[in-house]
Amino acid sequence: MKDRALRDAAAPLDAALRSCAYRTWVHGDAKVANFCFGAGGVAAVDFQYVGGGCGVQDVAYLLSSCLD
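The structure contained in this document is the topic of the report that follows. (Residues numbered from 1 in each chain as written. Predicted model: local features only at pLDDT ≥ 70, side-chain atom pairs only at ≥ 80, totals over all residues. Heavy atoms only, no water.)

For the protein chain, the count of helices and strands is 2 helices and 4 strands. The secondary structure elements of the protein chain, listed N-terminal to C-terminal, are α-β-β-β-β-α. Against the globule reference of 11 Å for 68 residues, the protein chain gives a C-alpha radius of gyration of 14 Å, more extended than a compact globule. Each principal axis of the C-alpha distribution contributes one length, and for the protein chain these read about 40 × 30 × 20 Å. Out of the 68 residues in the protein chain, the part that is buried amounts to 16%. For the protein chain, the share of sequence-separated contacts (at least 6 apart) that also reach a separation of at least 24 residues comes to 61%. For the protein chain, the accessible surface area stands at approximately 5,400 Å², while carbon and sulfur atoms represent 62% of it. Across the protein chain, 6 positive and 7 negative side-chain charges occur, with their mean positions spaced 7 Å apart. (Helix = DSSP H or I, 4+ residues; strand = E, 2+ residues; numbered from the N terminus. Rg over C-alpha atoms; globule rule 2.2 N^0.38 Å. Buried < 20%, exposed > 50% of the residue type's maximum accessible area, 1.4 Å probe, protein only. Contact = heavy atoms within 4.5 Å. Areas by Shrake-Rupley, 256 points an atom, 1.4 Å probe, with all protein chains shown as cover. Lys, Arg positive; Asp, Glu negative; His and termini not counted. Charge placed at Lys NZ, Arg CZ, Asp CG, Glu CD.)

Right under this line is the structure:
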């Protein structure tokens, strides 16, 4: 990884996410391409991974896939 600050922060960030108080099922790859939006709601698709994690992680992935 070229960004040294991000590389150095990776292990502490991972540890914080793994030890969060409220874990839930996460998609693990929450990007716009993996969601279907319609008048009746939204559905997540992509069956490569589902597992336990910190829910805000999916929110961050989704926002990073649709915002500059």
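Relative to strand β3 (residues 41–44), strand β2 (residues 35–38) runs antiparallel, the two being bridged by 4 bridges. Its bridge partner being in β3, Phe37 is matched across the sheet by Val42. Linking β2 back to β3 in an antiparallel pair, the connection comprises 2 residues. (Pairing = 2+ DSSP bridges.)

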